[in-house]
Every structure is written in structure tokens, then in C-alpha cells.
Amino acid sequence: MGGAARPRGRALEMSRFFDLYWQRLRRDRWQLLSWVASIGALAFFATTAVASAYGDDASRTEILHVATATPAILILRGLVRGPALDAFTFFQIFAFLGVLAGLMNTFLAVRHTRAEEEAGRAELVASTAAGRWMPLAATVTHGLVGNVLVAAAVTFGFIAGGLDAAGSLVAGLAVGATGLAFLTVGLLASEFMSTSRGANGAAAGVVVAAYLLRGFGDATGEVSQDGLTVTAAWPSWVSPIGWGQQTFAYTGNRLWPLLLPLGLGIICVSLTAVIMSKRDVGASVLAGRRGRTDARPSLRGPFALALRLQQGAIVSWCIGGFIAGLLTGALGAAIQQVSIANSSVTAILRAMIEAQGTSMTQLVIAVLFEIGGILAAACGLQAVLRLRQEEVAGTAELVLSQPLGRIRWFGSFLGLGAVSVVLVMVFAAFGAWYSLLVSGESAVEVSNLWETAGAQIPAALLYLAAPAAVFVTVPRATVPIGWALLALGVVLGIYGGMLGFDKSLRDLSPFTHTPVVTNTGTDWSGGFWMLGIGAALVTFAFLAVRRREVGTV
Amino acid sequence: MDPVIQTVDLHKNFGRVKALDGLDLEVTAGQVHGFLGPNGAGKSTTLRILLGLARASSGAARVLGLHPWTDAVELHRRVASVPGDVSIWPNLSGGEAIDFLSRLRDGGADRAGYRRNKERLCQLFDFDPTKKGRAYSKGNRQKVALIAALVADCEVYLLDEPTSGLDPLMEAVFTREIRRLVSEKGATVLLSSHILSEVEQLADSVSIIRAGRIVDGGTLDSLRHLTRTGISFAQDQVDVQALQGLSQVHDLTVAAGRIKFNADSDRVHEVLPILGRLGVQGLLVAPPSLEELFLRHYGDALPPQSEEAKPDGGTHHGRSRPPAGTGA
Ligand SMILES: Nc1ncnc2c1ncn2[C@@H]1O[C@H](COP(=O)(O)OP(=O)(O)O)[C@@H](O)[C@H]1O
Ligand SMILES: [Mg+2]
């Protein structure tokens, strides 16, 4: 009798599991599809762009020589493994694909774990026969399937672009495995943080840290005699994105480095399970504390509310900017010390560049401040996303039912967004100034540093103004359009040049127009144009918000 | 005297959905006005338009003589409200949220007596203001909005199903506080609900909304004739012949050992002496419900929303209850 009952029980469990899995897939289908399609499309377009811009070995060799001579730019690219078209493409785009896969996975993990608990829906499921493990298993399965799709999309994207099939498969698997590692990072972050915002922030921070670590490792790696291959330094080996690069797709096709992300995944899932078995549904390791009976006198008016809601995020972005700044001094010094003596080509090139008055450290600053500018833009975007969240949650309705004009409410959140954009760059500049002071670097003038930081601000402010205009006109599109604008801006503006995208396409990105600070003078016109466009967009948003209903879903 | 709240031929469309379809509502000063209707009838939409949060597609709305959409800020100084679905900030404590909202209103948190009043309300509603927003249940979130509204000194209170998450004990507290507002300050209250008995205790008059229109209204007493009270008692040896002929008695049935019938609510007192003479045992008298009122008087044209709730899904004969205790 018991023997007959057990298989039936197992069948029932399986069907419950599939119910949970389908529910996740149904909910995410468009989102997942657009992530997978974008990642695959990027692989394809990067390949065709590189092939048309750098068609022959000679031009690619030249680029690689410049890259190894000025390793700072390797932070934004990858590991140099020779001038063949497929290896060159992998060098250009893999790290960015890894970041995209990482963000897709951390958001996916948090969406189905901490966010569900926060909304109280997880409790509903946990109290049914599904228990507490089955939802986790369903989320992991959902993520696994997502990463298989990502791997397939990258593989086909590269093959369709005309690259070698076996190497493309390795490259696809590398992106998928990187994504898988970050899926489990997201699961673990959900256990530690008590809010989905916190969990998303922490996990996305790990993705950015992994990107920077491998950048550090690639930039300080050992350059070969011909200046066309680099052996990564240790920081690349503590980054899931770095592990993916170690497959040497197209040139080595090694699969064993992918055991590292899989191992990390197993560790993270085990830790998640251990923590889950010890805590209540809804609680977290870093649980929220009790609050005050009365509000502090400073909690007055919409700006104070915006600050209270955003302070955690702003502090995190500022820390991010500060770290990017701190890296400049350390990285500049490390690059100077790396021996390039055995590569005469690289040494000669570097001497030529330095003779023109551009120091290696200055290049490092330019690159890291570009990253700081992206952080500042994301921080501005978040101010608008918070407005939308307030509206969807219903707290906007609570506030706007009080005698408070909509303009003041809207303006307070945007104002704080603008302040935080500036703050992120101030912290980046301060970090850079401090680290250069410590490392004894004197080639860079301090005024140059502040100018470079200030130059990033107009583009970042556009990421406050444009989403604000979307928020007042097409509210429900605020979140997807906001992030899409940022991703497009980064792809076209920061990577577009190296990928060989057409200039008219690159000009669409605000980051393309960021003024370049040089010793001989700076052209600020791009910055002023962007400030003007931003002002126009914000003016439009202020006019339109008065005519807009509250709580439009 | 002009009505405090007045809407004339109010329409609101969401795409093809007509949430409001020519709504005429009037609320007299100093009254508690019940705004009754099933889910999806358009109560929240009406209140949101009256608050200037949503804009009417056509028609006119005035609150205290002001235009809600254009004079929103001025209006909000004089109107307090509780939204239908209260959410509060997850990382602010309940006490902080109440203080913050009061300061937006009139710097209220600094006024003499504010803190005393807030503490009094927190105690009355058995509300712990130190918990963070994410830790509150639906009822407790509702208490945040309720306390923030009650602590404000306003002329008009717009309350959207304010007791839907409260237990009966808290409902009684709520009823007492609303009575106080009206008798002490002469405030006007518009109170929406989909449960008749909730409104019954408080309202001087009611408007009944269905599918975006007012279908009935007036004082509560004038509506009683529309409703019937359910009466049942044990069957044992009672001669039901005496009841069958009465004009106040409807739908008499015998099932599962009990005799049941409905009586016109305003004539129940005429039936009770007869029941007394019959010496009935286990007498149960169920108050009329809004649902019953709807089924009885507007049942032939029920909106689809209220049908969805039925398990057999939207067929009209689903309404005739299957006889209890078949095969007995
Ligand atoms: N923002 C909206 N978009 C589309 N339809 C809506 C929206 N708000 C309300 N509705 C529709 O309008 C009708 C009335 O809704 P509501 O006013 O919330 O009813 P009630 O509060 O009486 O339950 C419902 O059919 C609802 O689905
Ligand atoms: Mg409602």
C-alpha cells in the first residue's frame, strides 16, 4: 500500500514543481526573451562591426599593439589573445556579454525569491504543499533554462557573424556559465538582504566588481614578446567573467575553466539552502530593525522623503564611484611596474605615446571615470525609477492626497537625483586624487582630475531627464525604457568605437559627446549641448506632470 | 445649503471600460454618507476623482465648491482621505509615516495636542507605531492611513472601504471615532463599502452605485423597504399554515429540519408576535445584506463582476441555491 502511495506522491510533487516552474516562465517570458535576444544580437552585431571596421590582420595587429601599450583601455575590453578575427571579437565583447548575462541572472534570481517574499506572495506558496524548497528548485531551473538560452543565442550570434563554430560554442558556454554563477550570487544576496532593492543592488555590485577585477587582471597581465597576447594577472582569476575569458575561445577552446563558475554556483546554492533552512519566511540574515515611534524633525516635505527612500542607494553609488576613483592610482602604478621589456613593439609604442604628453595614468583616469560616469547615470536613472515605484506601490497616492503640489513632489525627486549624480562624480574624483597622492604620481594635474570628473556629469544628467520625460508620458514604460536607454548608451558610446560601429550610430549615445579633457585644452560644446537637451526634456516633464493622473498603471 | 460633494453626469473611461457612467452624487454637510456598491462598481474611481488624483472623462465634480483637478492643493488642505488599497513605505515605521503625512498637511506634527491625539488613536486602534512598514499586515497599513486622516483637522473625510482589513473590535472603535468627528466638528464623511451592515451603523444616508451609476439612494430608513430579513427556526411540530398566508412572508421553505422565510425588513415587527404565539425554538434572524438587496431588486441585470465570484462562473441560474440536504 505504501509502495503504491509513494510514486503517486512523487508524481504529485513533480506536477507541483512544474506548476511553479511554468508560473515563473510565463511571468518572465517577454523579459527573458528580450534579454536573450539582446545578448545574442549584440554578439552578432559586434562580430559584423568588427569584421567590417578591422577587416584584415594588419589593422587588428595595430589595434592590439596600441592596446597592450596602453593597458588602461584593456579594462573596458578583455584579454588579448592574438589578431585573428574571431579571437579579436571575443577579446572586444566577451566581458560586456558577461556583465549583461550577470545582470539578467541576478535580477531574475531576486525577482523570484526576495521580491516574492517582500510582496508576501512567497508566504502563500510556502504555506501550501509546495513547501520552501520547491520554489527555490523552480527558480534555479528557470535560471538554468535561461542560461542555456543565453549560451545558444551567443553561439548562434557568433556563428551567424561568420566565426568558427567550435569556438563560438565555447564562447556561448562561457557566457552561459558566467550567467549561472551570477544566478546563484543573486540567490545568496536574496538571503542576506531584507529588501529586493537591497538584494538587487548587492548582487549587481558583485557583477560590476567581477568586471572591474578582471579588468584589473587583464590590464596588469604579462604581455608576450610580439605584443599580441596577454597572460592575465591574478585578479582575473577571482572573477567569474575572468574565468569565462580563460576558455581562450577560438584560440584554445578550453572548457575546464568553466568548472570554476559551476563550483561557485554549487557553493552559493548550498549556502542559500543552509540559510533558508534556518530562517523564517520573510526574514533575512540582515533583518530590518525596529523603527522610531515618532519621525525625526528633519523628515519634513517631499525632498526629505526622497532622501530617506534613496539614501541607501545614493551611498552605494557614491561608494562605487569612490572605488573606481581609488583604483586609478593603484592601477596606474601597477601598469607602470609591469615589465614590458620582453616586448619591443609594446615598449616602443608606449614610449611614443608618452612622448606626446599623455601619461599611462591619465589614460587610466579617462577609462575609470568613464565607468564612474556610467555609475552616475545609473544613479540618476534610479531617481526616476523610484518615482515610478512610489506610484506603483501606491505611496505616491498617499502623499499626493495631502496638500502638496505634484510639481514639488516630482521636482524633489529629480532634484535629489541631480545632486546624487554630482556626488558620485565628486567621490570618484576624490578617490582618484587620494590614490594618486598615495602612489606619488605627479604627472596628472589635480585640476585635470576635477575637469575629467565634471565632464561626465552632462551625459549622466541626461539619464535623469530622458527617463523623467518617459515617466510623465508613458508611465508603464519607465523601467524598461530607462534601462534600455542606459544599456544602449553604454554599448554605442563606450564600446561602439572599438567595435567599429558607424559614427552616426555612436552619436546617438550621450557618452559619445562627453567632453574629453586633455592637456592642450578641452572642447566643452558636447557637454553644453547635452545640458541644453536635458533642460528641455525636464521642462517638458514639468509641464506634462501637471496634466497627468496619479497611479496610472 | 449647497451640498459639500456634488457630481453631475460624471463619466470615466479606462480604454473601453466605463468605470463611471453618468454618476450623480450629492452629499449634504455634516452627514455620514454611505457609498455602497459591489466590487468594481466604481467607488474607488469616484473617490479618486473627488480627490483630484484622477481626471473625469466628462461631467462635473465639486468638493467644498472647489474643482478637484485644478484646485487639488487647496482642496487637500480641507479634505482628509484613506485610499482603498493602503500601502506604506517599507523602511519607514508606522509612526514616522503618520508624522510625515501630517507634516505635509499643515506641519501638524508640531501642533500642540497633535502628539497626544496620535498616541490616543494608536492606543485605541491597538496599533504599534514602531514597526517598519514592511512588517505590517493589511489591517495595520490601513490603520496608518486611518490614524493619519483622523488626526487631521478637516472638513471632509473621504474614506474608501476603510474597515475592510479591520477586525470587528477595531471596526467599533472606528465607528465611535467617526461619530465623534461628525458630532464635535461637524465634519462631512463619505464612506464607501461593499458591505451594507458596515455602513448601516454610521450612515445618515446612502447612495448605491452599480456599474458606474447611482441606482438608488436616500436615508437608510427609506431603503429598508427594499430589503428582506431572513428568519428561520426549528421545524418541530410548528404549524406553518399560519405563516403561509401573510403578506409580509416570502419564499417559505422547509429544509434540513428548519423552516425558513424572508420578511420585509420594515415589517419584521409584525411577524414576531405570530412567531411568539407559535412558540418557535432556535429562532435566527439574519440582517439584510447588500448582496440580497442587489439580487432581489437588480438581479436581472447584475454586472458581470459580481457573477465572477460564483464558482459555476457567470450563469444566471447559478443564483437559485440548490436545496439543502437532498436525499434526506
Ligand atoms: N487604472 C485603471 N485602468 C483600467 N481599468 C480600471 C482602472 N481603475 C479602475 N478600473 C476599472 O474600473 C471599474 C471600477 O473600478 P473601481 O472604481 O476600483 O471599483 P470599486 O472601488 O467600486 O471596487 C472596474 O471595472 C475596474 O476594473
Ligand atoms: Mg475599490
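In this text the structure is predicted, and so the values were computed from the model without any measurement.

Draft legend 1. Just the domain arrangement of chain B, in detail. Examined at the domain level, chain B breaks down into domain 1 (5-223) and domain 2 (225-300). Computed over C-alpha atoms only, the centres of domain 1 of chain B and domain 2 of chain B are separated by 36 Å.

Draft legend 2. Region of the structure containing the interface of chain A and chain B. Every contact between the two is made by 39 residues of chain A and, on the other side, 39 residues of chain B. Here chain A meets chain B over a buried area of about 3600 Å², counting both sides, of which 51% is carbon and sulfur. Among the residues chain A hides against chain B, the three largest losses belong to Leu398, Pro403 and Glu549 of chain A. Together they make up 18% of the total. Arg308 of chain A is the salt-bridge partner of Glu96 of chain B, the closest N and O atoms lying 2.9 Å from each other.

Draft legend 3. Region of interest: the packing of aromatic side chains. All names here are of chain A. What the rule picks out here adds up to 20 aromatic pairs over all chains. A centroid spacing of 6.3 Å and a plane angle of 85° characterise the contact between Phe158 and Tyr250, whose relative ring orientation is edge-to-face. On the criterion of sequence distance, the pair formed by Phe158 in helix H6 (residues 133-160) and Tyr250 in the loop between helix H9 (240-245) and helix H10 (259-278) is long-range, its members being 92 residues apart. Exposure remark for Phe158: the relative accessible area of 1% places this residue in the buried category. Their ring planes at 75° and their centres at 5.3 Å tell us that Phe410 and Phe542 sit as a pair that is edge-to-face. Here Phe410, found in helix H15 (residues 406-439), pairs with Phe542, found in helix H20 (residues 525-545); they are 132 residues apart in sequence, far enough to count as distant. Residue classification places Phe410 among the buried residues on the basis of a relative accessible area of 0%.

Draft legend 4. Representation of the packing of helix H5 (residues 138-150) of chain B against helix H6 (residues 168-185) of chain B. All names here are of chain B. At a minimum axis distance of 12 Å, the contact between H5 and H6 shows a crossing angle of 15°. By the angle between their axes, H5 is roughly parallel relative to H6. Considering how the two elements wind past one another, H5 and H6 form a crossing that is left-handed. Of H6, the residues touching H5 (which contributes Lys143, Leu146 and Leu150) are Met170, Phe174, Glu177, Ile178, Leu181 and Lys185. Looking at side-chain class alone, the contact of H5 with H6 contains six nonpolar, no polar and three charged residues.

Draft legend 5. Representation of the site of ligand 1 in the model. Residue and element names in this part refer to chain B. The environment of ligand 1 is made up of eleven residues, and the closest members are Gly40, Gly42, Lys43, Ser44 and Thr45. Gly42 places a polar main-chain atom, nitrogen or oxygen, 3.0 Å from an oxygen atom of ligand 1. Here ligand 1, which alone exposes 560 Å², has 63% of that area covered by the protein. No other element matches helix H1 (residues 43-50), which puts three residues into the shell around ligand 1. In the shell around ligand 1, the residues fall into four nonpolar, six polar and one charged.

Draft legend 6. How the structure looks around the sheet that holds strand S9 (residues 213-219) of chain B. Residue and element names in this part refer to chain B. Across the sheet, six strands lie side by side as S5-S6-S7-S3-S8-S9; this open sheet has mixed pairing. The open sheet terminates on both sides in strands that have one partner only, identified here as strand S5 (79-82) and S9. The average angle at which neighbouring strand axes cross in this sheet is 15°, direction not considered. In the sheet, strand S3 (residues 32-36) pairs with strand S8 (residues 205-210) via four bridges, with the strands oriented parallel. When the sheet's bridge partners are listed, Phe35 is paired in S8 with Ser207.

Draft legend 7. Region of interest: the pairing of S3 of chain B. Residues and elements named next belong to chain B. Burial of S3 is extensive: five of the five residues sit out of reach of the surface. Neither face of S3 is open: one carries Val32, Gly34 and Leu36, the other His33 and Phe35, and all of them are buried. Here five bridges tie S3 to strand S7 (residues 188-193), and the two strands are oriented parallel to one another. Looking across to S7, one finds that Val32 is bridged to Val189.

Draft legend 8. Examining the pairing of strand S10 (residues 228-234) of chain B more closely. Residues and elements named next belong to chain B. The buried fraction of S10 is high, at seven of seven residues. Here seven bridges tie S10 to strand S12 (residues 258-264), and the two strands are oriented antiparallel to one another. Within the sheet, the bridge partner assigned to Gly230 lies in S12 and is Asn262. Bridging between S10 and strand S13 (residues 284-286) involves three bridges; their strand directions are antiparallel. Residue Gly230 lies in a different strand from S13, and its bridge partner there is Ala286.

Basis of the calculations
- Residues numbered from 1 in each chain as written.
- Chains lettered and ligands numbered in written order.
- Predicted model: local features only at pLDDT ≥ 70, side-chain atom pairs only at ≥ 80, totals over all residues.
- Heavy atoms only, no water.
- Domains from an automatic or database assignment.
- Contact = heavy atoms within 4.5 Å.
- Buried area = accessible area lost by both parts, 1.4 Å probe.
- Salt bridge = Lys/Arg side-chain N within 4 Å of Asp/Glu carboxyl O.
- Phe/Tyr/Trp six-rings, centres within 6.5 Å; stacked < 30°, edge-to-face > 60°.
- Helix = DSSP H or I, 4+ residues; strand = E, 2+ residues; numbered from the N terminus.
- Buried < 20%, exposed > 50% of the residue type's maximum accessible area, 1.4 Å probe, protein only.
- Axes fitted to C-alpha atoms, helices over the stretch in contact; angles between N-to-C directions.
- Parallel < 35°, antiparallel > 145°, perpendicular 65-115°, else oblique.
- Left-handed = near helix turned anticlockwise from the far one by under 90°.
- Nonpolar A, V, L, I, M, F, W, Y, C, P; charged D, E, K, R; others polar.
- Near = heavy atom within 4 Å.
- Polar contact = N/O pair within 3.5 Å; in protein donor to acceptor, adjacent residues only side chain to side chain.
- Areas by Shrake-Rupley, 256 points an atom, 1.4 Å probe, with all protein chains shown as cover.
- Pairing = 2+ DSSP bridges.

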